[in-house]
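Working through the structure, step by step
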Amino acid sequence: MSSSTVHDGPIAAVELSIGGMTCASCAARIEKKLNRMDGVSATVNFATEKAKISYGGDVQVADLIATVVKTGYTASEPPPPEPEPEPEATGPAREGAPAPGPDAELAALRQRLLVSAVLALPVVVLSMVPALQFDNWQWLSLTLAAPVAVWGALPFHRAAWTNARHGAATMDTLVSVGTLAAFAWSVWALFFGHAGMPGMRHGFDLALSRTDASSALYLEVASGVVTFILLGRYLEARSKRKAGAALKALLELGAKDVAVLRGGAEVRIPVDRLRVGERFVVRPGEKIATDGTVVEGTSAVDASMLTGESVPVDVRPGDGVTGATVNTAGRLVVEATRVGADTQLARMAKLVEDAQNGKAEVQRLADRISAVFVPVVLVIALGTWLTWWLATGNATAAFTAAVAVLIIACPCALGLATPTALLVGTGRGAQLGILIKGPEVLESTRKVDTVVLDKTGTVTTGTMTLTDVRPADGVAEAELLRLAGALEHASEHPIARAVATGAVERTGGDLPVPEGFQNVPGLGVQGVVDGHAVLVGRERLLTDWSISLPAPLAAAKAQAEAQGSTAVLVAWDGAARGVLTVADAVKETSAEAVARLRALGLTPILLTGDNRAVADTVARQVGIEEVVAEVLPQDKVDVVRRLQAQGRTVAMVGDGVNDAAALAQADLGLAMGTGTDAAIEAGDLTLVRGDLRVAADAIRLSRRTLATIKGNLFWAFGYNLAALPLAAAGLLNPMIAGAAMAFSSVFVVTNSLRLRSFR
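If you look the protein chain up in an unreviewed UniProt entry, it shows as Heavy metal translocating P-type ATPase from Streptomyces antimicrobicus. Per UniProt, the protein chain carries the Sequence similarities (unreviewed entry) text "Belongs to the cation transport ATPase (P-type) (TC 3.A.3) family. Type IB subfamily." Listed in UniProt under the heading Subcellular location (unreviewed entry), the comment for the protein chain reads: "Cell membrane".

Now for the overall build of the protein chain. Across its full length, the protein chain holds 27 helices and 26 strands. Here the protein chain holds 759 residues, and 52% of them are scored as buried. Pairs at least 24 residues apart make up 69% of the contacts formed inside the protein chain by residues separated by at least 6 positions. As presented, the protein chain carries roughly 32,300 Å² of accessible surface, and 58% of it is formed by carbon and sulfur atoms.

Orientation of helix α5 (residues 137-152) relative to helix α6 (residues 154-165), taken along the N-to-C sense of each, is 40°, at an axis distance of 5 Å. In terms of orientation, α5 and α6 fall into the oblique class. Residues A149, V150, W151 and G152 of α5 touch α6, and the partners they reach there are L154, P155 and H157.

This part is about the sheet that holds strand β15 (residues 450-454). Here seven strands make up an open sheet; going across it, the order is β14-β26-β25-β24-β15-β22-β23 and the pairing mixed. Where the open sheet ends on each side, the last strands, each with one partner, are β14 (434-436) and β23 (626-628). Mean inter-strand twist for the sheet, computed between neighbouring axes without regard to direction, equals 20°. With four bridges joining them, strand β24 (residues 650-654) and strand β25 (residues 668-672) adopt parallel strand pairing. Pairing of V653 across the sheet is with L670, part of β25. Seen against the sheet, helix α22 (residues 612-622) touches β22 (603-607) and β23 and runs at an angle of roughly 150° to β23.

What follows deals with the pattern of salt bridges. When their charged atoms lie close together, side chains carrying opposite charge are able to pair. One pass over the structure, following the stated rule, counts 23 salt bridges. In this structure, D135 and R201 form a salt bridge, with 3.4 Å as the shortest nitrogen-oxygen distance. A residue pair is termed long-range when its members are at least 10 positions apart, and D135 in the loop between α4 (102-128) and α5 and R201 in the loop between α7 (171-192) and α8 (219-243) qualify at 66 residues. By relative accessible area, R201 is classed as partly exposed at 43%. D291 is the salt-bridge partner of R338, the closest N and O atoms lying 4.0 Å from each other.

Okay, a nonpolar patch on the surface next. On the surface, L121, V125, M128, V129 and L132 cluster together to form a nonpolar patch covering roughly 390 Å² of accessible area. With respect to the helices, strands and loops of the structure, L121 is situated in helix α4.

Another point: the environment of M200. Relative to the assigned elements, M200 resides in the loop between α7 and α8. Separated by 64 residues in the primary sequence, M200 and N136 place their C-alpha atoms 7.5 Å from one another.

This brings us to the packing of aromatic side chains. The geometry of two aromatic rings is summed up by the distance between their centres and the angle between their planes. A complete count under the given rule lists four aromatic pairs for this structure. The interplanar angle of 80° and the centroid separation of 5.3 Å between the aromatic rings of W139 and F191 together place this pair among those described as edge-to-face. Remark: F191 occurs in helix α7 and W139 occurs in helix α5; sequence separation between them is 52 residues. What makes F191 exposed here is its relative accessible area of 51%. Between W385 and W389, the aromatic rings sit 5.4 Å apart at their centres with planes inclined by 15°, giving stacked as the arrangement. Of this pair, W385 and W389 both sit in helix α12 (residues 361-392), separated by four residues, roughly a single helical turn.

When the UniProt feature table is mapped onto this chain, "transmembrane region" (unreviewed entry) is found at residues 113-133, 139-161, 173-195, 215-235, 369-391, 397-424, 712-729 and 735-753. Between the C-alpha atoms that bound residues 113-133 the distance is 25 Å, and the span itself is 76% helix and 0% strand. Overall, residues 712-729 shows 94% helix and 0% strand. The separation of its end C-alpha atoms is 26 Å.

Turning our attention to the environment of V377. With respect to the element layout, V377 can be found in helix α12. For V377 and L406, which are 29 residues apart along the polypeptide, the C-alpha to C-alpha distance reads 6.7 Å. Beyond its immediate chain neighbours, meaning those up to four positions away, V377 contacts L174, V405, L406 and A409.

Quick look at the side chain of K455 now. Relative to the elements of secondary structure, K455 occurs in helix α16 (residues 455-459). Ignoring any residue separated from it by four or fewer positions in sequence, one finds K455 in contact with T460, D584, L606, L607, T608, D610, V614 and V618.

Attention shifts here to the confidence of the model for the protein chain. Per-residue confidence for the protein chain gives a mean pLDDT of 80; residues scoring 70 or more make up 82%. Predicted confidence for residues 1-10 stays below pLDDT 50, and this span has 13 contacts to residues more than four positions away or in other chains.

Moving on, we come to the sheet that holds strand β11 (residues 320-321). The strand order β6-β5-β7-β13-β8-β11 describes an open sheet built from six strands, whose pairing is antiparallel. Strand pairing shows two members of the sheet lacking a second neighbour, β6 (265-270) and β11, which therefore form its edges.

Across residues other than glycine, the phi torsion is negative in most instances, and most of the peptide bonds are trans. Although it is not a glycine, N136 adopts a positive phi angle of roughly 65°. Inspection of the secondary structure assignment puts N136 in the loop between α4 and α5. Since its relative accessible area comes to 36%, N136 is described here as partly exposed. Even without glycine at this site, E630 takes up a positive phi of about 55°. Tracing the backbone shows E630 in the loop between β23 and α23 (636-645).

The rules we used
- Residues numbered from 1 in each chain as written.
- Predicted model: local features only at pLDDT ≥ 70, side-chain atom pairs only at ≥ 80, totals over all residues.
- Heavy atoms only, no water.
- UniProt positions renumbered as here; feature names shortened; annotations may be inferred.
- Helix = DSSP H or I, 4+ residues; strand = E, 2+ residues; numbered from the N terminus.
- Buried < 20%, exposed > 50% of the residue type's maximum accessible area, 1.4 Å probe, protein only.
- Contact = heavy atoms within 4.5 Å.
- Areas by Shrake-Rupley, 256 points an atom, 1.4 Å probe, with all protein chains shown as cover.
- Axes fitted to C-alpha atoms, helices over the stretch in contact; angles between N-to-C directions.
- Parallel < 35°, antiparallel > 145°, perpendicular 65-115°, else oblique.
- Pairing = 2+ DSSP bridges.
- Salt bridge = Lys/Arg side-chain N within 4 Å of Asp/Glu carboxyl O.
- Patch = residues over 30% accessible without salt bridge, like charges linked within 9 Å, V, L, I, M, F, W, Y side chains within 5 Å.
- Phe/Tyr/Trp six-rings, centres within 6.5 Å; stacked < 30°, edge-to-face > 60°.
- pLDDT = per-residue confidence, 0-100.

Here it is, written out as structure tokens:
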């Protein structure tokens, strides 16, 4: 390959399913081999059993698969999406084809564990309790232990042999060498030493046994260690499935088929055959097949499985709906706007999966250590054996210490520490409507001390809303709203729509139809409603009709404008009748959200392009002291840079196209999922629902996930560092070492699963 090709950089990406990995060392080896290829950048995740690869130049996917196969593992590309794929047709038939599905693997592992446990238990009990030992008990122990040491440990032996052929050593090498050595020693002692003599009795010691080498048996080690490690593997495999269950559940949320309207009739087809622009019917209780726009019908849609929001949202013609949400009430006809991988559900799932396949900086360190750990342990075990033998002349004690070193050192917990916490944390986030883009995001959440909040659409609703009604003396509020709302309902202006919507909501009735409606450009509207000549608009409109404002209404208008709101004046039959205040209303949850962000140690700053009066009013309502107002969209990124130059670590929360650059510039970008695609792409965390409280939840979840990862790594490192000297010093029986090693992996996975309870 020419040097110019090498420097072209990755131009394509693929995700391969990897089979045959048994520990973090396996993942590190595959990653190392792939990254040695020209123009290839790869990350291999032990927990998800996937390799995420960017490649360029002359490299093809077949070359990548061949490299993995040469390393001693299997690899396959995910099958291309096809309508209703056959279950068997899951990939090309090649040497690197995927292994059986996770359910079949788990069942096989359970069967191996149960058989091994049943056979090993009598061996362990007989070896540990001399009082139960009868004449020739040792031969029964050999009969029971042999299938465990050979068949039960077969996955370890097979993996160790594969690795040896490729000049490598992994955790399986340690287990295989340790158990085979213990078993071979026992067979030698039985057939060629004194251990096979009738009437032989065997004591048990938690530390080193200093008996005569020719009468020492290690059958309980060979069978017990295998059983313990199989138990650890089984619990680990089951926990890994639980950890990834949130993503699996997310992917399975969507509808399986859909009733499409074709030629005026409903035709039910698989959802993956639906095309953009087609119209489909959603009946009450059915899932909406894909993202689209309502063209007929009104209903309430339950989006709780996507957003975590329990209150159904009312929809009517023109409103957008999201695939996988549930239609709770009326019949809807929806026009598909996004299908397949473009839908919000598919994009959410992709974000979660990408995050789970990534690696935090702390995990990269763990990977580098585990890659050299096993060869170092083999050297330590050999050194332990030589040291003990030369120092004591006791071959039995030397052998026992060496086997204990081999078994205690397995770096399983190290490989699981980060991926399992990431799997559970990002999966739980998806359930709560929080999408974490990658593990490096977690590091950012820990350091953030300032949170910049975009005003429109983030702290406020982003739409004009009727916020206050001031009727003149002797005028009923309901009458004021009914007449003004009827006239404004005929207008398309955003302020008019806010008044009309507010009137309907507050009066709870239908609005009358106006007569002689007329729009007065820049001033307002006029017409006849229920026999009254009504004017709604600016003060100048009333002045043109020689109508003046009484003092109370003039004061109400001045107050509204001082707060940056819009004052809409209403008059009929020659007199001013009231003032309606319209503004971009603050979301009900924003004040609580700001309080939660402060509780996390963050300083909130309100950022807006609006005038200072509006910004200060909103800031007062939600409890923000620092305000940056009248900022042009392109200058938002400069505000973030200025704060960073002051030494602050900045989080930015926004939802619009004009927030995208600032979200990307911030140390942590939180995009509101109700916002634009540009903002969502630029953010590190996506908040599926438009509730600012979720921003605080997202930071809490991210920090908790990072704390879990660090706790797991501390335990895994600490365990290996503390246990190795104990084993080398002869203070651990190999079987106790095996149980401890299995427990460390189970502890790490169980600790990660605690994230599922995050609220």
